[in-house]
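# Fold and contact review
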Amino acid sequence: MSVRRIGWTGLAVSSLVLFSPVLHAAGAAPAAIDACALLTPDDVSGVVGRGVESGQGFDDGITAEGAHSTTCIWAAPLAPGLQPDLTRRLGGRGFVELSVMNWPGGPDDARKFLDDFQKAFQQHDIDSSPVRVQVGADDALWWGDGVAARKDGVSFGISVAQFGDRATRQPQAESLARIIIKRLPAQAR
């Protein structure tokens, strides 16, 4: 099973199976939500304070739990004269990653996504205890490397990476989550 483009250590450990595309046998699969359509490069640049390239999207398909998962990554170019650091993700460039899951079972299914972060902390798979944050969602939490949120039958994780320390990145991720919540489709299924 492969985590592929998901770079969030805690999310990858706690929800690895969420991002493995398989066919879901029961009922019609939920529609894909274009993660790149939920934020613009200007939105991301305005929050992180650096220019970013247009988002690169990935349709991760239907997960084992039946959610349709999509991902988008917005990356800042390396500063002139800097060489990529091959020991760091995306060569050391700062980036924002958004993963969106549209769940077949609505809010009850979407709730499980956030529950996975609580379980991951209890099992010592992530270092930070998830804390509730207010971003306009039905429920949302900061888990140390990003914000996980749910609204109706959609859940998402937004992570700001390599744009400073956690204290800097948390308000950035919360600000982006507020924008995303306003742009989620009203009826996503």
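The shown structure was predicted, so the numbers you read here are calculated from the model rather than taken from an experiment. (Residues numbered from 1 in each chain as written. Predicted model: local features only at pLDDT ≥ 70, side-chain atom pairs only at ≥ 80, totals over all residues. Heavy atoms only, no water.)

Look at helix α4 (residues 166-183): 25 Å from first C-alpha to last across 18 residues, which is about the 26 Å you get at 1.5 Å a residue. Where α4 is buried, its residues meet α2 (41-48), β3 (95-102), β5 (139-142), β6 (147-151) and β7 (154-161). (Helix = DSSP H or I, 4+ residues; strand = E, 2+ residues; numbered from the N terminus. Expected span 1.5 Å × (residues − 1). Contact = heavy atoms within 4.5 Å.)

Before going further, it helps to spend a moment on helix α3 (residues 107-122). Between the first and last C-alpha of α3 there are 23 Å, a value that for 16 residues agrees with the 22 Å anticipated at 1.5 Å per step. The sharpest bend along α3 measures roughly 25° and falls at Leu114. Of all the residues in α3, the buried ones are Asp109, Ala110, Phe113, Leu114, Asp116, Phe117 and Ala120. (Bend = angle between axes of the 7 residues up to and from the residue. Buried < 20%, exposed > 50% of the residue type's maximum accessible area, 1.4 Å probe, protein only.)

Turning our attention to the environment of Cys36. Checked against the element boundaries, Cys36 lands in the loop between α1 (9-14) and α2. Ignoring sequence-local partners within four residues, the contact set of Cys36 consists of Gly55, Gln56, Gly57, Cys72 and Trp74.

On to the sheet that holds β3. In space, the 7 strands of this open sheet follow the order β1-β2-β3-β7-β6-β5-β4, with antiparallel pairing throughout. Every other strand in the sheet has two partners, leaving β1 (56-62) and β4 (131-132) as the edge strands with one partner each. Across 5 bridges, the pairing between β6 and β7 is antiparallel. Across the sheet, the residue bridging to Arg150 is Ser155, located in β7. Across the sheet, α3 is in contact with β3, β4, β5, β6 and β7; its angle to β6 comes to roughly 165°. (Pairing = 2+ DSSP bridges. Axes fitted to C-alpha atoms, helices over the stretch in contact; angles between N-to-C directions.)

Turning our attention to the pairing of β3. Burial analysis of β3 places 8 of its 8 residues in the buried class, which makes it a mostly covered element. Here β3 shows two buried faces, one formed by Phe95, Glu97, Ser99 and Met101 and the other by Val96, Leu98, Val100 and Asn102. Note that β3 and β7 share 8 bridges and pair antiparallel. Paired with Val100 across the two strands is Phe156, which belongs to β7.

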